[in-house]
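# Reading the structure
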Amino acid sequence: MSNSILEGVDAEGDSTADSTADSTADSTVKGTAKNAESPATTVMSMQQALNRALDEVLAENPKAVIFGEDCGRLGGVFRITDGLQAKHGTQRVFDTPLAESGILGMSVGLAMAGFHPIPEVQFDGFAYPAINQIVCQIARMNYRSRGTMPMPITLRVPSFGGIRAPEHHGESLEALFAHVPGLKVVSPSNPHEAYHLLKYAATRPDPVIFMEPKSRYWQKGEVDPGNADPSGGAPEGAKVMREGRHLTLVAWGAMVARCLQVAELAAEDGIEIEVLDLRWLKPIDTAALAASVRKTRRAVVVHEAPLTSGLGAEVAQLITQSCFDTLKAPVERVTGFDVPYPSGDLEDEYIPNIDRILFGIQRVLEYKRG
Amino acid sequence: MSNSILEGVDAEGDSTADSTADSTADSTVKGTAKNAESPATTVMSMQQALNRALDEVLAENPKAVIFGEDCGRLGGVFRITDGLQAKHGTQRVFDTPLAESGILGMSVGLAMAGFHPIPEVQFDGFAYPAINQIVCQIARMNYRSRGTMPMPITLRVPSFGGIRAPEHHGESLEALFAHVPGLKVVSPSNPHEAYHLLKYAATRPDPVIFMEPKSRYWQKGEVDPGNADPSGGAPEGAKVMREGRHLTLVAWGAMVARCLQVAELAAEDGIEIEVLDLRWLKPIDTAALAASVRKTRRAVVVHEAPLTSGLGAEVAQLITQSCFDTLKAPVERVTGFDVPYPSGDLEDEYIPNIDRILFGIQRVLEYKRG
Amino acid sequence: MDTLPLAVTGDDAGPLTPAQLRELYSLMVAVRHLDTSAIAWQRQGIIPGYAPELGQEAAQVGSGYAVDTTRDFVFPTYREMGVARTMGVDMVGYMSTHKATWHGGLYDPVESRLAPIQAVVAGSVLHAVGWAHGQTLEQKDGVALTYFGDGASSQGDVHEAMNFAAVMKAPVVFFVQNNGWAISVPTDRQVAGGSVAARAAGYGMPALQIDGNDVVAVVEATRRAFGHARSGNGPVLIEAMTYRRGPHSTSDDPGRYRSLDEERDGAGADPLERLKQRLLADGAADEAFFADALAAAKAEEEQIRTGIQALGSRPGTEMFDLVFQETTPALQAQAANWREESEHV
Amino acid sequence: MDTLPLAVTGDDAGPLTPAQLRELYSLMVAVRHLDTSAIAWQRQGIIPGYAPELGQEAAQVGSGYAVDTTRDFVFPTYREMGVARTMGVDMVGYMSTHKATWHGGLYDPVESRLAPIQAVVAGSVLHAVGWAHGQTLEQKDGVALTYFGDGASSQGDVHEAMNFAAVMKAPVVFFVQNNGWAISVPTDRQVAGGSVAARAAGYGMPALQIDGNDVVAVVEATRRAFGHARSGNGPVLIEAMTYRRGPHSTSDDPGRYRSLDEERDGAGADPLERLKQRLLADGAADEAFFADALAAAKAEEEQIRTGIQALGSRPGTEMFDLVFQETTPALQAQAANWREESEHV
Ligand SMILES: Cc1ncc(C[n+]2csc(CCOP(=O)(O)OP(=O)(O)O)c2C)c(N)n1
Ligand SMILES: Cc1ncc(C[n+]2csc(CCOP(=O)(O)OP(=O)(O)O)c2C)c(N)n1
Ligand SMILES: [Mg+2]
Ligand SMILES: [Mg+2]
């Protein structure tokens, strides 16, 4: 695969490039790579990883309950809850009537009664009918009740586009969720992350919106159940998926894999890109952003959601705020357009593709002051 | 009123300050000031200005209809529709049952039938139950129908905080609305703007969310009905409410008046602040932002909404993108905190107050590279 | 259940003529054939997906048949192909939504009196109420016909719509196709009390629960409902009891939640076959007629398929150009950037 | 309307004793006095606003009286002061919401079995269903009692809640106070069909429409409903017909939408006076008792007022500390910044 866009772009020509930066782009340090030899490591799809995480959460916490439209008998339209009703019973895993506000409102009451609800909204676009309960109730009940009524609700939302689905089945709501005080928001980029982030989210005492990149459900990857994070700790904060020294690509969900592809291509032109998987979209790991961009001095943030008032603005501003002096160019955003998520082939025009990301990188690398 | 925060801050010490900038801070060029002598100019409250705009819209467009909870007989809890039902009849101005999704969903159908609906949501926080209809229907119907079913819906939302109201009566939803493709969003800062922006919004063929700063409803100001804008044209884009050369304060809604107060105080310390009323929160007037900050080289954006993923991030990023070379410091954001909108006296801690804005200005003015 | 007063229903009154019954049969065959063909199209890769309406032909054709496209307006879900066909909507334009050409379909909703295809469950029910209230405001006599399913009846918007319509006496016909299933969830786990029609009384609204597989019953009920609403008596609810004989969509696997035995028992008699038997019994049609109808349906399907296959993708510029009536500088800048970057590659 | 089977209702069965009737009277006087005083407090600047419940004392005290706080849970709106008082909630903590001290009130909702005060119309009705379903899952026998108004009945969430509860047979009592008004909108422009109770049948749910100004009728109906729900028969709806005698809130001006004549006619007999006459007729209380009850109410109001006046603002740190169970670095940074800037000034 040739990369005409970055050909001739001279990142090395930058005399102020931080020469102390690790030049490890070729050894591609992926988060999970180091435990690849571990016997416990298994290859599975993200769908399987999520299913396994839920299975374990149900087994470990008798107060955990899973429900939503078609979650029970069918196992979900994406089969994420496949087999869980048969195994854990219709009390723990059940179908609800078709009403998202009802599902989320009911979650509040279950949480008040001491349960850990794990509701599902069938598709991103159908979270809108539940926004009132999410924003005004779930996100605020701990506060309103002065900490006496925590809301340990893990809301699973198959999210983002890329599967040529009908209208409202390809939305990216992270900017909306991240703006709501009282919510935490997370999105996994691969099966390993999916397993660990879901298990972690579903054991937290606060509400977490868990955004599953549906276009990655069937992609396989190594999952090391025993090692959540290279740090050895909980899967908090962002994660460097590939190291580089010329530019940082910040992404989440399905865009992480695409950014890794881009980094691969750019490497052919001698451009070493660091790929940061933001993972937590709220709270954002500002320290990780700063650490990476202080090294690379350039950043591009990539997301599927429309540009204006998207989470990319927040990420860019956090980077600018913490790295203003070292930044060689303004942070670039490569995102969906300010248009309704389109149908069919137009999806390829809408979602940041490799070319558009490369163009964004090019703009940043070629940026000249004055 | 003394201003201890900026005392001793030396904006003039900045040798690179643009000496060609107009030094007109003292003559306080407000947008409406130049027509103050015009006989048509009247002093009225924002409530009166909005009421008059709606009255005229109803008179001029037989297809305009106003409805919502308590809009008719009562004239609205804020009296914005006061007297309109008596004057224009119960067919043009009517009460609906208490259901926001119903109100907005009904608006879609009325628009399909050729009407220009001007629905009201009684308070900002009660727009959430209608988000599904706003995002999935109103914002997309023109697109979905390939331009055959425009949605000329002007949704009035009494917005923002500052009136010591009950829970959910002090919310700022502009970041959410601005992120939605297909919506336009506007907020007036004074009676003159209120009159003209509402008349303009309510005659557009596209959906406009009209965010009224409820804490300013009873503030009086001059309204010149014949002159919408200093430009002589339509009230589009942002508007410089006070010129200055050391720093640009960007705000909208109720925060504009507060920023003008801050500029007054800063002037006592020799710091000349330009105050830009963004007015249109979507589309954002990027050219006006760039023009101002290219001159002042520093910017602070102020809003009531929570910080994270707020519209301030978008504004800051647009400024950084267009003024990266000239900016002397990263754009600062002074905003509400990432907490649920609080009750009573805590409101004063939450909404950006004069001191917090001055601290933000101080950080920007004192910023030193390295 | 029938709580609708037997009022005069205007010119539509009187039993269906043999010619009308034959017309209904032709429509149902056309719909059946296009519907089953669409599944084949999906298997052949002509379209990426489809939501079949197998078994609901009587409910759709019968209700669509009562519409007066000179004054009424119809609000479909994603499964009303039979209604569209009956109303005479351009079927290439209609089916293009299933080719993922354009979400709402390429047909002109204003011209054809059929609102764009709606993917939000219960999303357009309130639109019908607004449109209908517009008729009241303008003293016109159009009626809004809105479709939704047993699953959709659980949504809050449906309740708000019924209450608004009944409070405002809006001329709306709420047409529920209770096909027994919402994806994998059967009606008894969905509709408390067991009947959507039973909800109407709580709003002071008349309702009809009808055999949705009997096209004659459907036409007559819908005509009565239209007559009632058109005469200023407010909304009516019709619950047509039918059965979703196929999968929810081409990506659904009903074997995971219902057995073939259950399907056979639930489905009952085939609505098309029922009409055929009636026509034969009445002596209103013979085998030649049925053969001709099928041949016409086949020819029509071929034409539609050809049209669908010929359909290219929509140009990317439409993404930007169709967002607003009055575009914005920011959007134009994005369009320019998109054009530049896609042309470069 | 009474569609609730006359089942055995457990220990609560049997008519109210004279002592219980006197207790109800004492509660109603305490509530009436606190309620009318709160309006005075607002005029005097002690609290910024208040939503009076004048005229709804029987509905609130009577229904709250049926609650067993060892196992049931109650979901109020913003107007259930009388329920809170009846349940024994700390009234300084409760009234603090009207001092704008804390939105949900300072009382402990878990301890007191009263969910935080809810400002979203119909916001907590679904919570009751979730809580009640939790009882089913744990095989406990608590009942969720949720309050809402005639205006709230228009919200989609109420429909979703009724349908969910009825499908799941959740032990919920939906208690509607139909007080004739939703701010300025009268019930006939709000509730299509005229009765919220009439909606229940559509969900296969029993309902009782009762005289909400007769405290005895309210207690008995609520007890029956609790008995029904507690025995695993699913939800019940009670519509208590009453009247909002005062303004919607202290910032409302009812003169703009209803006349004093309309108010007098709509309000009917005073619920407090009705109970008094009954106690007198039964010989269950004398004037001395009424005088004592009023004196106790006055003393109680004084104590609550003192408590409210003594209440300071909450510390700003709570804004940050109470958002999450596990705080975040970003939020801590904002808190630190806030502290620094506010200390500096
Ligand atoms: C608001 C919303 N929630 C969920 C979905 C996903 N979904 C699509 S169709 C469907 C089932 C609808 O059932 P029903 O209303 O009975 O109609 P049917 O499919 O039987 O025609 C679901 C859950 C959706 N499209 N919209
Ligand atoms: C979702 C929502 N919409 C609007 C409001 C504003 N509002 C507060 S009370 C009220 C009227 C409520 O009427 P009803 O349910 O009858 O209760 P009542 O006030 O009579 O006790 C309205 C419109 C709100 N609080 N929440
Ligand atoms: Mg169905
Ligand atoms: Mg009421």
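Here, residues in each chain are numbered from 1, in the same order as that chain's written sequence. Chains and ligands are labelled by the order in which they are written, letters from A for the one and numbers from 1 for the other. Given that the model is predicted, a residue must reach a pLDDT of at least 70 before its local features are reported, and side-chain atom pairs must reach 80 or more before they are shown or counted; all residues, however, enter totals for whole chains, interfaces and linings. As a rule here, side-chain values cover all heavy atoms of the structure and leave hydrogens and water aside.

## Digging into the overall build of chain C
Numbered from the N terminus, helices here are DSSP runs of H or I no shorter than four residues, and strands are runs of E no shorter than two. Looking only at helices and strands, one finds 14 helices and seven strands in chain C. Seen through its principal axes, chain C has C-alpha atoms that stretch 65 × 50 × 40 Å. Burial status across chain C gives 63% buried among its 345 residues. Between two residues, a contact is recorded if the distance between any of their heavy atoms is within 4.5 Å. Across chain C, every contact between residues at least 6 apart in sequence was considered, and the portion connecting residues at least 24 apart equals 74%. In short, Shrake-Rupley with a 1.4 Å probe defines the accessible areas, and a residue's cover is counted only from the protein chains shown. On chain C, roughly 11900 Å² of surface is accessible, and the fraction owed to carbon and sulfur atoms is 50%. Categorising residues by exposure relies on relative accessible area from a 1.4 Å probe, with only protein chains included: less than 20% of the type maximum marks a residue as buried, more than 50% marks it as exposed, and the intermediate range marks it as partly exposed.

## A few points about the sheet that holds strand S10 (residues 247-251) of chain B
Residues and elements named next belong to chain B. Read from one edge of the open sheet, five strands run S9-S11-S10-S13-S14, paired in mixed fashion. In the strand order of this sheet, the two ends are held by strand S9 (239-242) and strand S14 (332-336), each with one partner. Adjacent strand axes in the sheet meet at a mean angle of 25 degrees when their direction is disregarded. Strand pairing requires that DSSP identify at least two bridges connecting the strands. Direction of pairing for S10 relative to strand S11 (residues 273-277): parallel, over a ladder of five bridges. Within S11, the position partnered with Ala251 by the bridge is Asp277. To define axes, lines are fitted to C-alpha atoms, for helices over the stretch in contact only, and angles between the resulting N-to-C directions are given on a 0 to 180 degree scale. On top of the sheet, helix H12 (residues 354-365) reaches S10, S11, strand S13 (299-306) and S14; it is set at about 165 degrees to S14, its chief contact.

## Quick notes on the relation of the copies chain B and chain A
Mapping chain B onto chain A is achieved by rotating through 180 degrees and translating by 0.0 Å along the same axis, at an RMSD of 0.0 Å. Overall, the copies show the geometry of a two-fold rotation axis. A shared binding surface is used by both copies, with 100% of the interface residues of chain B retained as interface residues in chain A. All copies are superposed by least squares; the fitting set is the C-alpha atoms of residues with a pLDDT of at least 70 in both.

## A word on helix H4 (residues 131-138) of chain B
Counted residue by residue, H4(B) has eight buried out of eight residues, so it is predominantly covered. Those residues of H4(B) not exposed but buried are Ile131(B), Asn132(B), Gln133(B), Ile134(B), Val135(B), Cys136(B), Gln137(B) and Ile138(B).

## Notes on the coordination of the magnesium ion (ligand 3)
Residues and elements named next belong to chain C. Metal donors: N, O and S atoms at distances within 2.8 Å, or within 3.2 Å for Na, K and Ca, with water omitted from the atom set so that some sites may seem incomplete. Summarising the metal site, the magnesium ion (ligand 3) is bound by the protein donors Asp150 (OD), Asn179 (OD1) and Trp181 (O), whose distances to it range over 2.1 to 2.2 Å. Between consecutive donor residues of the magnesium ion (ligand 3), the sequence gaps follow D-x28-N-x1-W. Separated by 31 residues along the polypeptide, Asp150 in the loop between strand S2 (144-149) and helix H7 (156-168) and Trp181 in strand S4 (residues 181-182) bring together distant segments of the chain. Asp150 gets classed as buried once you look at its relative accessible area, which sits at 0%.

## Notes on the interface of chain B and chain A
Contact residues are listed per partner, giving 51 residues for chain B and 51 residues for chain A. Basic side-chain nitrogens of Lys or Arg form a salt bridge, by our definition, when they fall within 4 Å of a carboxyl oxygen of Asp or Glu. Our enumeration of links across chain B and chain A arrives at eight salt bridges. Close ionic contact of Arg140(A) with Glu171(B) constitutes a salt bridge, the shortest N to O distance being 2.7 Å. A 3.5 Å cut-off defines polar contacts: any pair of N or O atoms within that distance qualifies, except that in protein one atom must be a possible hydrogen donor and the other a possible acceptor, and neighbouring residues in sequence count only when both atoms are side-chain atoms. Taken together, chain B and chain A are joined by 24 residue pairs in polar contact (both at pLDDT 80 or more).

## Brief notes about the packing of aromatic side chains
Pairs were defined over the aromatic rings of Phe, Tyr and Trp, the Trp ring being its six-membered one, requiring ring centres within 6.5 Å. Orientation was assigned from the angle between planes: stacked under 30 degrees, edge-to-face over 60, tilted for the rest. Scanning the entire structure with this criterion turns up 39 aromatic pairs over all chains. Pairing Phe78(A) with Phe123(A) gives two aromatic rings, centres 5.3 Å apart and planes at 65 degrees, and the pair type is edge-to-face. Highlighted residues: Phe78(A) in the loop between strand S2 (64-68) and helix H2 (84-88) and Phe123(A) in the loop between strand S4 (116-120) and helix H4 (131-138), separated in sequence by 45 residues. Exposure class is identical for Phe78(A) and Phe123(A). Each is buried. When the ring of Phe73(D) is compared with that of Trp131(D), the centres are 5.6 Å apart and the planes differ by 40 degrees; the resulting orientation is tilted. Taken as a pair, Phe73(D) in strand S1 (residues 73-75) and Trp131(D) in helix H6 (residues 125-137) lie far apart in primary sequence, 58 residues in all. Overall, Trp131(D) belongs to the buried group, its relative accessible area being 4%. Through a chain of ring-to-ring contacts, the aromatic side chains of Phe78(A), Phe123(A), Phe126(A), Tyr217(A) and Trp218(A) assemble into a single cluster. A ring is scored as having a charge over it whenever the NZ atom of a lysine or the CZ atom of an arginine sits within 6 Å of its centre and within 35 degrees of its normal. Above the plane of the ring of Tyr200(A) lies Arg204(A), whose end atom (NZ or CZ) is 4.1 Å from the centre.

## A short note on the site of ligand 2
A molecule or strand has a residue near it when one of that residue's heavy atoms lies within 4 Å. Contacts to ligand 2 come from 20 residues, most closely from Glu100(B), Tyr78(D), Arg79(D), Ala152(D) and Asn179(D). More than one chain reaches ligand 2: the nearby residues come from chains B and D. In this structure, an oxygen atom belonging to ligand 2 sits 2.8 Å away from a side-chain N or O atom of Asn179(D). Within the contact set of ligand 2, an oxygen atom lies 2.9 Å away from a backbone nitrogen or oxygen of Trp181(D). In isolation ligand 2 exposes 580 Å². Once the protein is present, 95% of that is buried. Polar here means any residue other than Ala, Val, Leu, Ile, Met, Phe, Trp, Tyr, Cys and Pro, which are nonpolar, and Asp, Glu, Lys and Arg, which are charged; Gly is therefore polar. Residues of the shell around ligand 2, tallied by class, amount to 10 nonpolar, six polar and four charged.

## Here we look at the environment of Tyr195(B)
Residue and element names in this part refer to chain B. Here Tyr195 shows up in helix H7 (residues 191-201). Each C-alpha atom, one on Tyr195 and one on Leu104, is 23 Å from the other, the two residues being 91 residues apart in sequence. Excluding residues that lie within four positions of it along the chain, Tyr195 makes contacts with Ala49, Arg52, Ala53, Glu56, Val223 and Pro225. Here Glu56 takes part through its side chain, which lies 2.5 Å from a polar atom of the side chain of Tyr195.

## What to know about the domain arrangement of chain A
Residues and elements named next belong to chain A. Domain boundaries shown here were taken from an automatic or database domain assignment. As assigned here, chain A comprises domain 1 (39-223) and domain 2 (239-365). Just the C-alpha atoms count here: the centres of domain 1 and domain 2 sit 26 Å apart. Taken together, the 32 residues of domain 1 in the interface contact 25 residues of domain 2. Simply put, the buried area is the total loss of 1.4 Å probe accessible area from both parts when two parts are fitted together. Buried surface at the junction of domain 1 and domain 2, summed over both partners, amounts to about 2100 Å²; 55% is from carbon and sulfur atoms. When the area that domain 1 buries against domain 2 is broken down by residue, the three leading residues are Arg164, Glu174 and Ser189, summing to 26%. For the pair domain 1 and domain 2, the number of links is five salt bridges. Ionic pairing is found between Lys239 and Glu193, a salt bridge with its closest N-O pair at 2.5 Å.

## Overview of the pairing of strand S7 (residues 208-213) of chain A
All names here are of chain A. Here S7 lies mainly inside the structure; six of its six residues are buried. Along S7, one buried face is formed by Val208, Phe210 and Glu212 and the opposite face, lined by Ile209, Met211 and Pro213, is buried too. Sheet topology note: the strand S5 (residues 154-159)/S7 ladder contains six bridges and is parallel. Considered in S7, the bridge of Arg156 is made with Phe210. Two elements, strand S6 (residues 184-186) and S7, share three bridges in a ladder whose sense is parallel. When the bridges of S7 are listed, Lys184 appears paired with Val208. After leaving S6, the chain enters helix H7 (residues 191-201) and then returns to the sheet as S7, a path that is right-handed. A clockwise course of the path from the first strand over the helix to the second, judged with the strands pointing away from the viewer, identifies a crossover as right-handed.

## Let's talk about the site of ligand 1
Near ligand 1 lie 20 residues; those nearest to it are Glu100(A), Tyr78(C), Arg79(C), Gly151(C) and Ala152(C). Bordering ligand 1 are residues originating from chains A and C. Residue Arg79(C) places a side-chain N or O atom 2.7 Å away from an oxygen atom belonging to ligand 1. Within the backbone of Val121(C), an N or O atom sits 3.0 Å from a nitrogen atom of ligand 1. In isolation ligand 1 offers 580 Å² of accessible surface; the protein chains occlude 95% of this area.

## Quick look at empty space enclosed by the protein
Cavities and pockets were defined on a 1 Å grid built over protein atoms only: a cavity is a set of grid points that admits a 1.4 Å probe from which the probe cannot escape, a pocket is an open set flanked by protein on both sides within 12 Å along at least five of seven lines, and lining residues are those with an atom within 4 Å of any such point. Grid points are joined across faces, edges and corners, and a volume is the space filled by probe spheres set on the points. Going through the model one piece at a time under the given rule, you end up with eight cavities of 30 Å³ or more. Roughly 240 Å³ of internal volume is contained in the largest cavity. Around the largest cavity, the lining comprises 24 residues; the ones closest to its centre are His179(A), Tyr128(B), Glu171(B), Ser172(B) and Pro306(B). Elements with a minimum of two residues in the lining of the largest cavity: helix H6 (174-179) of chain A together with helix H6 (174-179) and S13 of chain B. Of the residues that constitute the lining of the largest cavity, the class distribution is 15 nonpolar, six polar and three charged. Estimated volume of the second largest cavity: approximately 190 Å³. What lines the second largest cavity is a set of 19 residues, and nearest its centre among them are Tyr128(A), Glu171(A), Ser172(A), Pro306(A) and Pro181(B). Where the lining of the second largest cavity is concerned, the elements lending two or more residues are strand S13 (299-306) of chain A together with H6 of chain B.

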